[in-house]
Amino acid sequence: MVNGKMVDLSTNIGALELRNPVMTASGTFGYGLEFEDFVDLSKLGGIVVKGTTLKPREGNSYPRMVETASGMLNCVGLQNKGVDYFCENIYPKVKDIKTNVIVNVSGSAIEDYAECARRIGELDNIPAIELNISCPNVRQGGMAFGVTCEGAASVVRAVRKAYPKTLIVKLSPNVTDIAEIARAVEAEGADAVSLINTLMGMAIDVEKRKKILSIGTGGLSGPAVKPVALRMVYQVAKAVKIPVVGLGGIMSATDAVEFLLAGASAVEIGTANFIDPAVTVKVVKGIENYLQRHGFQSVRDIIGAVE
Amino acid sequence: MKKEILDLRVTHSESVGTGCVFLKAVPVEGSLPECQPGQFAQLMVDGPGVFLRRPISIHDVEGNEISFLVQVVGEGTRWLGSLKVGDIVNTVLPLGRGFCFGGEKREERGERNELSGEGAGVSSIHDSYSTLRQEDIISLFSPLSSLYNKRPILIGGGVGVAPLLFLGKRLKAKGIQPTFLLGARTKEQLLRLDAFREVGEVLVTTEDGSMGERGFVTQHSSLFSSLSPLHIYTCGPSPMMKAVARLAREKGWPCEVSLENRMACGVGACLCCVEDTTTGNRCVCTDGPVFNINDLKW
């Protein structure tokens, strides 16, 4: 509290109101329900659920994960039961969670993205989607769309026509200039961008002289990527007018505040959930403490406030 | 079963076998949540070069004290193995689905991870105990009965013996006498034999013949008598479990195995630890670590 007053943690991503800036990153928090024993989900700004595709996907073979210095590589490859399964079996279980439940929509063809988004758009209690044009672990589509301005624009254009609610586009860091991709999706009507998805990496078992991951490469996440993510969030926030959601290696409230100062209107916490399943609520509390300690009345006061 | 994040205080640390550490710990505050044999805990490693938690089988629970067997294989397990009495280790538990054994409520196993799939595998779980008749139970204690007929055999190799002690104790508490068949390369590598002997009969194989029968667990004479065990439970190196599973399948014995695929989250969120099953990729951390062999493509 500042002089006895509560600080205001609320923020927004376009028309989407968040009670605080802390959301969870897709693929790291399941459907939220997996973490109910650890976290009061209503204390979060939002939950971005697993990547969902039009058709079911088995994902890549095992091994899918390698621990690395301050992080991990994964090549899960968008394993999910498809949008029909989500609508029929999972939506009924998550629709009453008292926070913004956002679906990460993935695909490998433009029509699939648009159709999947349209189906999710019919669900009353899903106020937004995060469009994943940046998954490094699927052979067709995925990141391929996200690494060129034309590719990114073409997916967003098709999805924008099919999806009227808040559209967040998740960007790949595996590009030469992320700001230009951000501008391209902004021009097609994206309401916000989120970044970064994982950085493409690799690991080799020297004893066996073989690649460890089943598909050879994977996406790097965790604190190892944070400085890269922070730099990109800063660049993109300067380049576009739409809100930016920052993610990449956030482990603590201090990390989250860095992203807010760099220009993010909200943050997503991903890999840290694996280390501390209750980290999200601790980050919310820590941001509140930071604001109180520095005499800010609202989290909005620190968005982009880096000098 | 509610999962909890708990700080545990180490109450006992002892080197056992070769490069293995037997740890006991109690919650710093409050009490342990209810744990089942075959479940595991995710232990936080606060050491250099380690990022993820380490999934460790629950070796035993006695009152408010839990124990683990940690085989030192890398930096994470080295740190866990170096814990001293009084040290604190942050733990998430209990995780996963344990072994299926007599009297267990079926509903508990009924709800598989429905979020990632449609409750697969449940139908094929053999509850061999449901077919156990009263005379079978009597025969378990009859000196005239065959030693291994209608008894569960718990087959462990290396540090894979860990969850079998807890399972054996729970079986014994239900009046079902477990037989342990434990294997290692040499007798020095056998772990906590005395603790197992307190719970049931212990049969041993060593590859060098330094104790028990020479060879692999799957070559032990007990498995080749004309009578059949009630149930096989196994945990150990993957080639050993596959050999046990093959034998069980040939003989038509119900068999459960405990897998240890590399995992990150431990709660079914990241989908890294999947096993390719008859119903597709399933998380070892939530649909397992214990699987009926009928659900596996082994």
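In case you missed it, the structure is sitting above this.
Residues numbered from 1 in each chain as written. Chains lettered and ligands numbered in written order. Predicted model: local features only at pLDDT ≥ 70, side-chain atom pairs only at ≥ 80, totals over all residues. Heavy atoms only, no water.

## Details of unusual backbone geometry
Moving on, step 1. Cis geometry marks the peptide bond from Leu195(A) to Ile196(A), where omega comes out at 15 degrees.
Moving on, step 2. Summarising the element assignment, Ile196(A) is placed in the loop between strand S10 (192-195) and strand S11 (199-202).
Moving on, step 3. Following Gly288(B), the chain continues into Pro289(B) via a peptide bond in cis, with omega recorded as 10 degrees.
Moving on, step 4. In this fold, Pro289(B) is placed in the loop between strand S15 (280-283) and strand S16 (290-292).
Moving on, step 5. For Ser70(A), which is not glycine, the phi torsion reads 55 degrees and is therefore positive.
Moving on, step 6. As for its position among the elements, Ser70(A) is in the loop between strand S5 (65-68) and strand S6 (71-74).
Moving on, step 7. The exposure class assigned to Ser70(A) is partly exposed, which follows from its relative accessible area of 42%.
Moving on, step 8. A positive phi angle, close to 60 degrees, is found at Leu78(A), a residue other than glycine.
Moving on, step 9. Checked against the element boundaries, Leu78(A) lands in the loop between S6 and helix H1 (82-94).
Moving on, step 10. Note on Leu78(A): relative accessible area 12%, which makes it buried. (Helix = DSSP H or I, 4+ residues; strand = E, 2+ residues; numbered from the N terminus. Buried < 20%, exposed > 50% of the residue type's maximum accessible area, 1.4 Å probe, protein only.)

## Quick word on helix H2 (residues 110-121) of chain A
All names here are of chain A.
Moving on, step 1. Helix length check: H2, at 12 residues, gives a terminal C-alpha distance of 16 Å against a target of 16 Å (1.5 Å per residue), a fit within 8%.
Moving on, step 2. Along H2, the positions that sit buried rather than exposed are Tyr113, Ala114, Cys116, Ala117, Arg119 and Ile120.
Moving on, step 3. Turning to H2, the residues buried within the fold contact strand S4 (46-52), H1, strand S7 (100-105), strand S8 (128-132), helix H3 (143-146) and helix H4 (149-162). (Expected span 1.5 Å × (residues − 1). Contact = heavy atoms within 4.5 Å.)

Nothing here speaks to function; it is geometry throughout.
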